[in-house]
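One-letter residues, chain by chain:
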Amino acid sequence: MRAAVTGALGIAVAAAFALPAIPTAAATAPAGQPEATACPANLVGKATCYTGRSTEGAYYAIAVPRIWNGSLVVHAHGGPDLGEESDPTRSIGDLERWSVMVDQGYAWAGSSYRRGGYGTRMAAADTEALRRLFVEEFRKPRRTYVHGQSWGGNVAAKVIETYGAEKHGPYDGALLTNGVLGGGSRGYDYRVDLRAVYQYYCQNHPRPSEVPYPLWRGLRADSTMTPTGLRARLQECTGFSSPHDQRTALQQRRLDDILAVTKIPERTLESHLRFATFTFRDIVHHRLGGRNPFSNQDVVYSGSHDDTALNAGVERFSADPTAARDLSYDSDLTGRVSVPVLTLHAIDDPTAFVEHEAAYAASLHGTGRARHLVQTFTDEHEHSGLSTAEYANSIAALDSWVRTGRKPNPASIASACRRFDATYGTGCFYDPAFTPRSYATRVNPRPGGLTWPALTAKQEKTWGRLPGVGIAP
């Protein structure tokens, strides 16, 4: 453990948590150990920052504020990124983005994960490994929280189920923001539908002149298509990036039908199609050995100008049971939590629809753990970032719940936000009365898809005993 040095710690509650010593500039940390580095500009003078690479190969960043409250926030980032290796810049960027946690007095640690590509359990393991490294190199925090954003919400939820399920586990609570909480086996079904519906109308992904492949693959393994190339095909078919008066009547009709059937917002159509192309390729080819985890066999599509023709002509496919099992084991949530969980979600999130929260609530209700959950919603329209004041308010509300044992409610959390907005001035947009509709109202359910959790604790235990189940790290 790093030696502590005397520091001005301000308030008495933090007095026992002196800052770790800063290694000399010439020192080079052994593999796996943190090395002092320059902090992002928005944390200069406020914290001591470190970077390193874990023994598993995951780059990470750590920040300890100069006035430390003794607690730690471990961050799980979204994505997934699709590079082959761990990204050495990702964790530094995340630290800058989530510097509000450090501003609020928390130490912060974030992993870039050991490789790119899909793997929820892998990302959860790398998140937990970083928590352990922090304890070894600095000290055991007074309290430890895990924060996950977007797909990182899925990762963080998996962290507390896998590593924090015991009564005295290492995590005291979780903050899940705009999280993909429906899990992998159901949480991407609207993108499965998009991939099929898009091809029905556009017939250019792939083109008739190109080597055919089943749409559930996302893209041929050897394809050289780039996001720019995909954007060009989307533009060719729908004119989505052109002003309305510059689209042809056929382009507008196709666009109207695709959006109406899939319920995907126009402003994020391209990003969803990228996911259904490149991330699906990663899942199928790189993680599942070419097996298909997706199905649309019994889906009845509606909302188009001609539903009969659409349902008769759209490509149909059924999942390989072993692939569906492996994706479910890797990413689905059991709802088995034993610590306070606070969620924050934009009602008009165009990427991880707010109905993911209904799925998560149903999962905890289905396991009798709903008492551990408080969900808050805001009248915002973004996915990647909400109001800074709301993030500060959320971690404070979670910390108060853990410290006092008094469970907050959406109204009390909304009211408390004004105090943080006085500092950050980014606004408080809570809607305490909002309740999301069921997941099935937004995403076409597959057979058995109306019951939550998607992965039961019994299934998880049974599958976990089988060799080779899941997605390899």
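Definitions and cut-offs
- Residues numbered from 1 in each chain as written.
- Predicted model: local features only at pLDDT ≥ 70, side-chain atom pairs only at ≥ 80, totals over all residues.
- Heavy atoms only, no water.
- Helix = DSSP H or I, 4+ residues; strand = E, 2+ residues; numbered from the N terminus.
- Rg over C-alpha atoms; globule rule 2.2 N^0.38 Å.
- Buried < 20%, exposed > 50% of the residue type's maximum accessible area, 1.4 Å probe, protein only.
- Contact = heavy atoms within 4.5 Å.
- Lys, Arg positive; Asp, Glu negative; His and termini not counted.
- Charge placed at Lys NZ, Arg CZ, Asp CG, Glu CD.
- Axes fitted to C-alpha atoms, helices over the stretch in contact; angles between N-to-C directions.
- Parallel < 35°, antiparallel > 145°, perpendicular 65-115°, else oblique.
- Left-handed = near helix turned anticlockwise from the far one by under 90°.
- Nonpolar A, V, L, I, M, F, W, Y, C, P; charged D, E, K, R; others polar.
- Phe/Tyr/Trp six-rings, centres within 6.5 Å; stacked < 30°, edge-to-face > 60°.
- Salt bridge = Lys/Arg side-chain N within 4 Å of Asp/Glu carboxyl O.
- Pairing = 2+ DSSP bridges.
- Disulfide = S-S within 2.5 Å.
- pLDDT = per-residue confidence, 0-100.
- Expected span 1.5 Å × (residues − 1).

> A description of the overall build of the chain should follow, citing residues and the corresponding values.
A tally of helices and strands in the chain yields 15 helices and 9 strands. The C-alpha atoms of the chain give a radius of gyration of 23 Å, which matches the 23 Å a tight globule of 473 residues would have. With respect to the three principal axes, the spread of C-alpha positions in the chain is 70 × 50 × 50 Å. By the burial criterion, 55% of the 473 residues in the chain qualify as buried. Looking at the chain alone, contacts between residues at least 24 apart form 76% of all its contacts between residues at least 6 apart. Charge-centre separation for the chain: the mean point of 50 positive side chains lies 6 Å from the mean point of 47 negative side chains.

> I'd like to hear about the packing of helix α11 (residues 321-331) against helix α15 (residues 457-464), residue by residue, with values.
Interaxial distance between α11 and α15 falls to 10 Å at its minimum, and their mutual angle equals 110 degrees. With respect to their mutual orientation, α11 and α15 come out roughly perpendicular. Crossing hand, α11 versus α15: left-handed. When α11 is examined against α15, the residues R325, S328 and Y329 are found in contact with a partner set consisting of E460, W463 and G464. Looking at side-chain class alone, the contact of α11 with α15 contains 2 nonpolar, 2 polar and 2 charged residues.

> Can you break down the packing of aromatic side chains residue by residue, with the values?
Per the stated rule, a full pass over the model turns up 15 aromatic pairs. Seen from their ring centres, Y118 and Y188 are 6.0 Å apart, and the 80 degrees between their planes marks the pair as edge-to-face. Note that Y118 is positioned in the loop between β5 (107-111) and α3 (120-137) and Y188 in the loop between α5 (184-187) and α6 (189-202), a separation of 70 residues in sequence. Just as Y118 is buried, Y188 falls in that class too. On the numbers, 4.9 Å between centres and 35 degrees between planes, the contact of Y188 with F275 is tilted.

> Let's hear about the pattern of salt bridges: which residues, and what values?
One pass over the structure, following the stated rule, counts 22 salt bridges. D126 is paired through a salt bridge with R114; the nearest N and O atoms lie 2.7 Å apart. Placement of D126 in helix α3 and of R114 in the loop between β5 and α3 is noted, with a sequence separation of 12 residues between them. Put simply, R131 and E128 hold a salt bridge, and the shortest N to O gap is 2.9 Å. Taken together, the residues span about one helical turn, with R131 and E128 both in helix α3 at a distance of 3 residues. For the pair shown, R131 and E128 are each scored as buried. In the salt-bridge network here, residues are joined through shared partners; they are D81, R90 and D94.

> Lay out the sheet that holds strand β9 (residues 373-378) with the relevant residues and their values.
Working definition: the strands of a sheet are paired by backbone hydrogen bonds and lie parallel or antiparallel to each other. Read from one edge of the open sheet, 9 strands run β1-β2-β3-β5-β4-β6-β7-β8-β9, paired in mixed fashion. Of all the strands in the sheet, the pair left with one neighbour each is β1 (35-37) and β9. Direction aside, the axes of adjacent strands within the sheet are offset by 20 degrees on average. Here strand β6 (residues 144-149) pairs with strand β7 (residues 173-177) via 5 bridges, running parallel. When the bridges of β7 are listed, Y145 appears paired with G173.

> Give a detailed account of the state of the cysteines, specifying residues and quantitative values.
Applying the stated criterion to the full structure yields 3 disulfides. Bridging C39 to C49, the disulfide has an S-S length of 2.0 Å. Handedness here is read from the sign of the S-S torsion; for C39 and C49, about 110 degrees, the answer is right-handed. Residue C39 is located in the loop between β1 and β2 (47-53), and its partner C49 is located in strand β2; the two are separated by 10 residues in the primary sequence. Considered together, C39 and C49 belong to a single accessibility category, that of buried residues. There is a disulfide in this structure between C202 and C237, and the S-S distance comes to 1.9 Å. An S-S torsion of about -75 degrees defines the bridge between C202 and C237 as left-handed. Residue C202 is found in helix α6, and its partner C237 is found in helix α7 (residues 227-238); the two are separated by 35 residues along the sequence. Residue C202 is classed as buried on the basis of its relative accessible area of 9%. Numbered in order of appearance, the disulfide-bonded cysteines of the chain are paired 1-2, 3-4, 5-6.

> So what about the confidence of the model for the chain? Which residues, and what values?
With 93% of its residues at a pLDDT of 70 or more, the chain shows a mean pLDDT of 93. Scored below 50 in pLDDT, residues 3-16 shows 24 contacts in the model against residues more than four places distant or in partner chains. In this model, residues 21-28 is a region of pLDDT below 50 whose contacts with residues beyond four sequence positions or in other chains number 12 contacts.

> Residue-level account of helix α9 (residues 269-287), with values.
An α-helix turns once per 3.6 residues; consequently, residues spaced three or four apart project the same way. For α9, spanning 19 residues, the distance from its first C-alpha to its last is 25 Å, which sits close to the expected 27 Å at 1.5 Å a residue. Most of α9 sits out of view: 15 of its 19 residues are buried. Where α9 terminates, the next one or two residues include G289, which has phi positive at roughly 60 degrees.

> Give a detailed account of the pairing of strand β4 (residues 72-76), specifying residues and quantitative values.
Burial within β4 is extensive, with 5 of its 5 residues counted as buried. Neither face of β4 is left uncovered, since the one carrying L72, V74 and A76 and the one carrying V73 and H75 both have all their residues buried. With 4 bridges joining them, β4 and β5 adopt parallel strand pairing. Across the sheet, residue V74 finds its bridge partner in β5, namely A109. When β4 meets β6, the two strands line up parallel, connected through 5 bridges. Bridge pairing links L72 to T144 in β6.

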